[in-house]
Amino acid sequence: MDECALLRPVGGKDVMREQLQHLLSMTQRLNISLQVVPLDVGATAGVAGGFSIAQGDGIPDHVSINAAAQDVVSAREDIVRLLKVRYDAIHKWAQPVHISQCLLHEVAARYGD
């Protein structure tokens, strides 16, 4: 997650507090890890747009590409491979999980957590 998504107040103080609390609660799940890419690293491959990668046993990997007009889901190997490379490039700049959780707590506190 880009740090700017944590810092840009969208929907007001209450909405931000609830969103940050939700993220913090999700980080307690064993199958979820959240890592923040700090603003000071500058532009990364993540500024090209949001996406998700879904992997499962016995099925091909799928990607969901977030677009303004319509999200696209694909299992095409070339698209999946491209987004895995983009993910790896973004992940290299991300803070470790425990540092990211501390940042989430700090930002939530600004909204009255």
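First things first, this report covers the structure right here in the doc.

Conventions and cut-offs
- Residues numbered from 1 in each chain as written.
- Predicted model: local features only at pLDDT ≥ 70, side-chain atom pairs only at ≥ 80, totals over all residues.
- Heavy atoms only, no water.
- Helix = DSSP H or I, 4+ residues; strand = E, 2+ residues; numbered from the N terminus.
- Buried < 20%, exposed > 50% of the residue type's maximum accessible area, 1.4 Å probe, protein only.
- Contact = heavy atoms within 4.5 Å.
- Areas by Shrake-Rupley, 256 points an atom, 1.4 Å probe, with all protein chains shown as cover.
- Lys, Arg positive; Asp, Glu negative; His and termini not counted.
- Charge placed at Lys NZ, Arg CZ, Asp CG, Glu CD.
- Polar contact = N/O pair within 3.5 Å; in protein donor to acceptor, adjacent residues only side chain to side chain.
- Pairing = 2+ DSSP bridges.
- Axes fitted to C-alpha atoms, helices over the stretch in contact; angles between N-to-C directions.
- Salt bridge = Lys/Arg side-chain N within 4 Å of Asp/Glu carboxyl O.
- 1 Å grid on protein atoms, 1.4 Å probe; cavity = no way out; pocket = protein on both sides within 12 Å on 5 of 7 lines; lining within 4 Å.
- Points joined across faces, edges and corners; volume = space filled by probe spheres on them.
- Nonpolar A, V, L, I, M, F, W, Y, C, P; charged D, E, K, R; others polar.

## Re the overall build of the chain
Consideration 1: Within the chain, the regular secondary structure consists of four helices and three strands.
Consideration 2: Starting at the N terminus, the α and β elements of the chain follow one another as α-α-β-β-β-α-α.
Consideration 3: Seen through its principal axes, the chain has C-alpha atoms that stretch 45 × 30 × 30 Å.
Consideration 4: A burial count over the chain gives 26% of its 113 residues as buried.
Consideration 5: In the chain, the share of contacts with a sequence separation of at least 24, taken over all contacts with a separation of at least 6, comes to 62%.
Consideration 6: As displayed, the chain offers around 7600 Å² of accessible surface, 55% of which is attributable to carbon and sulfur atoms.
Consideration 7: When the 10 basic and 13 acidic side-chain charges of the chain are each reduced to a single mean position, those positions are 2 Å apart.

## Quick notes on the side chain of Ser74
Consideration 1: Here Ser74 lies in strand 3 (residues 72-74).
Consideration 2: In terms of polar contacts, Ser74 uses its side chain to reach the backbone amide nitrogen of Arg76, at 3.0 Å.
Consideration 3: Dropping the residues within four chain positions of it, Ser74 is found in contact with Asp61, His62, Val63, Ile79 and Val80.

## What to know about the sheet that holds strand 1 (residues 51-56)
Consideration 1: Read from one edge of the open sheet, three strands run 1-2-3, paired in antiparallel fashion. Only two strands of the sheet have a single partner each, and these edge strands are strand 1 and strand 3. The mean inter-strand angle of the sheet, taken between neighbouring strand axes irrespective of direction, is 15 degrees.

## Examining the environment of Ile79
Consideration 1: Mapped onto the elements, Ile79 comes out in helix 3 (residues 77-91).
Consideration 2: In the structure, Ile79 is positioned 17 residues away from His62 in sequence and 9.0 Å away in space, judged by C-alpha atoms.
Consideration 3: Apart from residues lying up to four places away in sequence, Ile79 is in contact with Val63, Ile65 and Ser74.

## Digging into the pattern of salt bridges
Consideration 1: One pass over the full model with this rule turns up three salt bridges.
Consideration 2: A salt bridge links Asp14 to Arg17; its shortest N-O distance comes to 2.5 Å. In this pair, Asp14 and Arg17 are both assigned in helix 2 (residues 13-26), three residues apart and thus about one turn of the helix distant.
Consideration 3: Lys84 is the salt-bridge partner of Asp61, the closest N and O atoms lying 2.3 Å from each other. Within this pair, whereas Asp61 is found in strand 2 (residues 59-65), its partner Lys84 is found in helix 3, the two being separated by 23 residues in sequence.

## Structural notes on the layout of surface pockets
Consideration 1: Taken as a whole, the largest pocket encloses approximately 630 Å³ of empty space.
Consideration 2: Lining of the largest pocket is provided by 18 residues; of these, Met1, Gln35, Phe51, Tyr87 and Ile90 occupy positions nearest its centre.
Consideration 3: If you list the elements that add at least two residues to the lining of the largest pocket, you get strand 1 and helix 3.
Consideration 4: Partitioned by chemical class, the residues of the lining of the largest pocket number eight nonpolar, nine polar and one charged.

Distances and angles like these do not, on their own, reveal function.
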